[in-house]
Amino acid sequence: MKVFEQEYFSGEELFDVLVEGDCIQIMDRLPNEIFDMVFIDPPYYLQLPASRKLRRWDVRTEVNGVGEEWDKFESFEEYDSFVVKVLERVQRLMKPNATLWVIGTYHNIHRWGKIMQDMGFWILNDVIWLKTNPMPNWLGVRFTNATETLIWAVKDKGSKKYTFNKEYARQFGKIYENVWRIPICSGEERLRDEKGNKVHPTQKPVELLKRVILTSTREGDLILDPMAGVGTTGFVAKMLNRRFFMVEKEKIYVEWTKIRFEKFFKNSLFV
Ligand SMILES: C[S@@+](CC[C@H](N)C(=O)[O-])C[C@H]1O[C@@H](n2cnc3c(N)ncnc32)[C@H](O)[C@@H]1O
């Protein structure tokens, strides 16, 4: 994997790259219609007030939620305007038959879906990620949140010849069903620092990305992840002989992605 700090990208420079920076600015430096698939795992805009820490039902222990700066926006208006900026660029960068995945929780996914439809994206499916080991229900005042939703779409209604590998989809559920039962990221897979703390609060499971990539791309395809976190999309893309272009604005996550790649692909079962 190359980590770039340059102005323009084209041709093979786009292959297996991680760029540290703001995805809006970086996407503006890319040529039209180059990606076969785009995966977006954006900030959720959880709106946790700084003063209020989440506590477990027993009120003794604090929950490790998403309180990071990158999840903060002033208002829904500001969040929506960010979504529009991202989607405008993504729509330009997708090949005519490319597909787009967006993952989110009830906090944000409906906003993404509405804006996508308003902008002409055509939704093919939503897929429910059913967490087999969800976070415990801290206060017991509402249902346990055991799902995230993935929206899968083409860039406009006319895009018909997109990739759908139904032979893989069949492995993930009866008659290609759109409910995927997968545990949240834990154990060996979860990146932790020297103190044992999670490196990234929302690191996605490899199995989830495997399903996304195997069902909607072919070997050699180029995948964009504009908000890459600790690089799960590129990591799985590389395992599966796809190419990736990732952007992440937080230096710490870029550094950890490098460590993750170096560690894994040196002694890897996959290469
Ligand atoms: C939900 S996390 C992605 C987690 C990732 N899928 C993983 O498995 O590690 C969203 C990420 O988007 C990054 N981000 C937020 N705004 C961004 C922007 N404008 N440009 C680039 N990255 C951004 C955050 O720093 C955060 O790491």
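A brief report on the enclosed structure follows. Computed from a predicted model, the values in this text were never measured in an experiment. (Residues numbered from 1 in each chain as written. Predicted model: local features only at pLDDT ≥ 70, side-chain atom pairs only at ≥ 80, totals over all residues. Heavy atoms only, no water.)

## Considering the packing of helix α2 (residues 76–93) against helix α3 (residues 109–118)
Between α2 and α3, the shortest axis-to-axis distance is 10 Å and the interhelical angle comes to 50°. Taken together, the axes of α2 and α3 lie oblique to each other. In the packing of α2 onto α3, the handedness of the crossing is right-handed. In this structure, α2 uses Phe76, Tyr79, Asp80, Val83, Val84, Val86 and Leu87 to contact α3, whose residues at the interface are Arg111, Trp112, Ile115 and Met116. When grouped by side-chain class, the residues that make up the contact of α2 with α3 number 9 nonpolar, no polar and 2 charged. (Axes fitted to C-alpha atoms, helices over the stretch in contact; angles between N-to-C directions. Helix = DSSP H or I, 4+ residues; strand = E, 2+ residues; numbered from the N terminus. Parallel < 35°, antiparallel > 145°, perpendicular 65-115°, else oblique. Left-handed = near helix turned anticlockwise from the far one by under 90°. Contact = heavy atoms within 4.5 Å. Nonpolar A, V, L, I, M, F, W, Y, C, P; charged D, E, K, R; others polar.)

## Structural notes on the packing of helix α6 (residues 232–239) against helix α7 (residues 251–266)
In contact at an axis separation of 11 Å, α6 and α7 are set at 20° when each is read in the N-to-C sense. Here α6 is positioned roughly parallel relative to α7, judged by the angle of their axes. In the packing of α6 onto α7, the handedness of the crossing is right-handed. In this structure, α6 uses Thr232, Gly234, Phe235, Lys238 and Met239 to contact α7, whose residues at the interface are Arg260, Phe261, Phe264 and Phe265. Of the residues in the contact of α6 with α7, the class split is 5 nonpolar, 2 polar and 2 charged.

## Details of the layout of surface pockets
Empty space within the second largest pocket amounts to approximately 510 Å³. Along the wall of the second largest pocket there are 32 residues; nearest its centre are Pro43, Trp70, Phe82, Met227 and Lys249. Put simply, the parts of the chain that give the lining of the second largest pocket at least two residues each are α1 (23–27), α2, α6 and β9 (243–248). Residue contributions to the lining of the second largest pocket peak at 4 residues, all from α2. (1 Å grid on protein atoms, 1.4 Å probe; cavity = no way out; pocket = protein on both sides within 12 Å on 5 of 7 lines; lining within 4 Å. Points joined across faces, edges and corners; volume = space filled by probe spheres on them.)

## Things to note about the nonpolar core
One finds Phe35, Ile40, Val86, Val90, Leu100 and Phe245 to be the most contacted residues of the largest nonpolar core, which totals 39 residues. Element by element, the count of residues in this core is highest for α2, at 7 residues. If we ignore the near neighbours within four places in the chain, the residues touching Val86 are Cys23, Ile24, Met27, Ile40, Trp112 and Met227. Counting 30 residues, the second-largest nonpolar core is a separate cluster that includes Met37, Leu150, Ile182 and Val206. (Core = buried A, V, L, I, M, F, W, Y, C linked by side-chain atoms within 4.5 Å. Buried < 20%, exposed > 50% of the residue type's maximum accessible area, 1.4 Å probe, protein only.)

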